[in-house]
Amino acid sequence: MSPHRRLELAKHLQQQGSWLAAAAAYAELAALVPPDHRFLANQANALWLADLPEAAHRCYRRALALQPDCAISRRGLASCLRDLNQFDEALELHLLLAQQIPLASADGQANLWAHSQVLMGLQRYGEAFALMAARTAAPQSDISRTAPQALMGNLILGSDLVLVSEQGFGDSLQFVRFLPGLMRQRQASGLKGEVELLVEPALVTLFIEGLAWLSDPPRILPKPPAASRPSQGLSLLDLPHALGGDQALPPGLENGYLRSPLWSATPNWLPRPSSATGSPMESPKGTGPAIGLVSAAGRKLDDPFCAREYHKRTLPERELWRLVEGLKQQGALVYDLQFGSDQARHRALALELLDPGLSLEGFATTARVLAQLDLIITVDTAMAHLVGAMGRPGWVLLPWSADPRWLSATPTTPWYPSLRLFRQGRGGDWNGAVDQLLAAFRDAFPPYGHR
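Everything in this summary refers to the structure shown in the same document. This structure is a prediction, so every number in the text was calculated from the model and none was measured. Each chain has its residues counted from 1, running along the sequence as written. Only residues with pLDDT of 70 or above have their local features reported here, since the model is predicted, and side-chain atom pairs are shown and tallied only from 80 upward, although totals for entire chains, interfaces and linings are computed over all residues. As a rule here, side-chain values come from all non-hydrogen atoms in the structure, and water together with hydrogens is ignored.

## Regarding the nonpolar core
Here comes step 1: Formed by 105 residues in total, the largest nonpolar core has its most connected members in L206, F207 and L258.
Here comes step 2: For helices the rule is a DSSP run of H or I covering at least 4 residues; for strands it is a run of E covering at least 2, with both sets numbered from the N terminus onward. If one sorts the elements of this core by residue count, helix 3 (residues 37–49) sits on top with eight residues.
Here comes step 3: Not counting chain neighbours up to four residues away, the residues in contact with F207 comprise S172, L173, V176, L197, V199, I220 and L258.
Here comes step 4: Judged by nonpolar contacts, the second largest core, of 25 residues, contains L315, L397, F441 and F445. Definition used in this section: a nonpolar core is a set of buried Ala, Val, Leu, Ile, Met, Phe, Trp, Tyr and Cys residues joined via side-chain atoms within 4.5 Å. To sort residues, take the accessible area from a 1.4 Å probe on protein chains only and compare it with the maximum for the residue type: under 20% means buried, over 50% means exposed, and anything in between is partly exposed. We call two residues contacting when some pair of their heavy atoms lies within 4.5 Å.

Structure, rendered in structure tokens:
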């Protein structure tokens, strides 16, 4: 097969999402044309998308040996280093790229975001917030490496202020924590203008209810489908820098910042086994604490990066079965909090999880369910952020190459004091994390009748 045909085959395999096969095709091209670093870089990218960062790391290194200043290989290597929890080494590459790539370009903006997230992993929050805010500084042709805090400070103290959510549900739930500080600062300045927050429609009722405790809560409105941020507004992700913040959690919010009497745990309407399944469960099963379970992350498989994140964060079926059976053996009542099409996995495995009794289509009704539960066990998805934002007890199962916001080795997180983290011991191996969680469950919830 000619090199041209091999290249066409590699591109076709990429389009199909057959990343290992694509990597093999690029490896053959690299062997046929050894001086061309691009084939090694493409092989590395395919390996990274197959969630094999160690192998991708080696190929990027080989590509950089041929072309040391290749920005594509530097960016790819930085992603591998981040996945291998080598945040300091990744930071060095992002600093080099910041000098190499025009910041106003799409690649420059992508590097800026990745740079800020690595700083999060190093708990350098003030610097991370500044870089995040620099994405939306204007004009783009004359953008500085950090957005002037004074300029943003003027924006938040204007008579009227519009904030718009970015990224996804998790980021909105995480960064809305900075709204109480904003409202206090505006109140202290004597401002009477309105603050509007535009968010995804599924979050509107949750934020209306969960922020009503503020003395002057913002107006919460649904964000138009195509909206990112208005020309005179501010991204919700820019808010901590505008406030001069350098902490993951502002003081006074340790017990949660989304709270409402509407989410009270009483009356206790959560269905028990006899009403949820139609038949009593055998003792000692089903007689202990009420546990909510989310086993799969958001399913967005059309985008290669999102598909990679979904597969990396989602608990495989074998380990899901073992987790549920281990919880039940210790007397837990396990309620199904899974959303979307992945509910079918739970049914297919005959896990016999309990129905929480309310639709989980909206986050506000989900909050009512969480208030009834003793513990929520979830993978890294929006549920983890909702549980932490409410200050509810939650245990989060994390892959080895977790998002830098979860840091790299800690069992706790400065973002959410009520959460406990259970990490893979190495890439792709959920066995140890499930074992640790079940052992911790035995300690926290001794078997019913043996307390």
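## Thoughts on the sheet that holds strand 1 (residues 161–164)
Here comes step 1: What makes two strands pair is DSSP finding at least two bridges between them. What the four strands build is an open sheet, ordered 3-2-1-4; its pairing is parallel. Among the strands making up the open sheet, the edge pair consists of strand 3 (219–222) and strand 4 (234–235).
Here comes step 2: As judged from the two bridges shared by strand 1 and strand 4, these two strands associate in the parallel manner. Each bridged residue has a counterpart across the sheet, and for L163 the counterpart in strand 4 is L234.
Here comes step 3: For helices, the fitted line uses only the C-alpha atoms of the stretch in contact; every axis is such a line through C-alpha atoms, and the angle between N-to-C directions lies from 0 to 180 degrees. Each of strand 2 (195–199) and strand 3 touches helix 12 (residues 201–210); the most contacted strand, strand 3, lies at about 165° to it.

## Structural notes on the packing of aromatic side chains
Here comes step 1: Classification of ring pairs rests on two measures: the distance between centres of Phe, Tyr or Trp rings, Trp counted by its six-membered ring, which must be within 6.5 Å, and the angle between planes, read as stacked under 30 degrees, edge-to-face over 60 and tilted in between. Summed over all chains, the structure comprises 12 aromatic pairs.
Here comes step 2: Measuring from centroid to centroid gives 6.3 Å for F129 and F175, while their planes differ by 80°, and the two rings are edge-to-face. Separated by 46 residues along the polypeptide, F129 in helix 8 (residues 125–134) and F175 in helix 10 (residues 169–175) bring together distant segments of the chain. Comparing F129 with F175, the two get one shared label, buried.
Here comes step 3: Note on F175 and F178: the rings are 5.8 Å apart at their centroids and 40° apart in plane angle, and the pair reads as tilted.
Here comes step 4: Residue F175 is classed as buried on the basis of its relative accessible area, which comes to 3%.
Here comes step 5: Lying across the ring of W213, R259 places its NZ or CZ 4.0 Å from the centre.
Here comes step 6: Think of it as a cone above the ring: NZ of Lys or CZ of Arg counts as a charge over the ring if it is within 6 Å of the ring centre and within 35 degrees of the ring normal. Positioned above the aromatic ring of W395, the side-chain terminus of R420 is 5.5 Å from the ring centre.

## Structural notes on the sheet that holds strand 6 (residues 333–336)
Here comes step 1: Overall, parallel pairing links the five strands, which are arranged 6-5-7-8-9 in an open sheet. Both edges of this open sheet fall to strand 6 and strand 9 (419–423), since each of them pairs with a single strand only. Ignoring which end each strand starts from, the neighbouring axes of this sheet average 25° apart.
Here comes step 2: Here strand 8 (residues 394–398) runs beside strand 9; their pairing, made up of five bridges, is parallel. Residue pairing in the sheet places L397 in a bridge with F422 of strand 9.

## Notes on the pairing of strand 1
Here comes step 1: Of the strand pairs in this sheet, strand 1 and strand 2 are connected by four bridges, and their pairing is parallel. Across the sheet, residue L163 finds its bridge partner in strand 2, namely L197.

## A look at the packing of helix 6 (residues 87–100) against helix 7 (residues 106–121)
Here comes step 1: It is the contact of helix 6 with helix 7, at a shortest axis distance of 9 Å, that shows an interaxial angle of 150°. Taken together, the axes of helix 6 and helix 7 are roughly antiparallel relative to one another. With respect to the hand of their crossing, helix 6 and helix 7 are arranged in left-handed fashion. Contacts between helix 6 and helix 7 involve F87, A90, L91, H94, L95, L97 and A98 on the former and, on the latter, N111, A114, H115, V118, L119 and G121.
Here comes step 2: Here the residues of the contact of helix 6 with helix 7 sort into nine nonpolar, four polar and no charged. An angle below 35 degrees is read as roughly parallel, one above 145 as roughly antiparallel, one from 65 to 115 as roughly perpendicular, and any other as oblique. The hand of a helix crossing depends on one turn: near helix anticlockwise from the far one by less than a right angle means left-handed, and clockwise means right-handed. When residues are grouped by polarity, Ala, Val, Leu, Ile, Met, Phe, Trp, Tyr, Cys and Pro land in nonpolar, Asp, Glu, Lys and Arg in charged, and all others, Gly among them, in polar.

## Details of the environment of R426
Here comes step 1: Examined against the element boundaries, R426 turns out to sit in the loop between strand 9 and helix 20 (431–444).
Here comes step 2: Sequence separation between R426 and W400 is 26 residues, and the spatial gap between their C-alpha atoms is 5.5 Å.

## Describing the pattern of salt bridges
Here comes step 1: A carboxyl oxygen of Asp or Glu within 4 Å of a side-chain nitrogen of Lys or Arg is what we treat as a salt bridge. By the definition in use, this model includes 22 salt bridges.
Here comes step 2: A salt bridge links E309 to K312, with the nearest nitrogen and oxygen atoms 3.1 Å apart. Taken together, the positions of E309 and K312, both in helix 15 (residues 304–313) and three residues apart, correspond to about one turn of that helix. Taken as a pair, E309 and K312 share a single burial class, namely buried.
Here comes step 3: One salt bridge connects R322 with D435, and the closest N-O pair in it is separated by 2.7 Å. Of this pair, R322 sits in helix 16 (residues 317–329) while D435 sits in helix 20, and the two are 113 residues apart along the sequence.
Here comes step 4: Looking at D435, the relative accessible area reads 35%, which means it is partly exposed.

What is shown is where atoms sit, not what they do.
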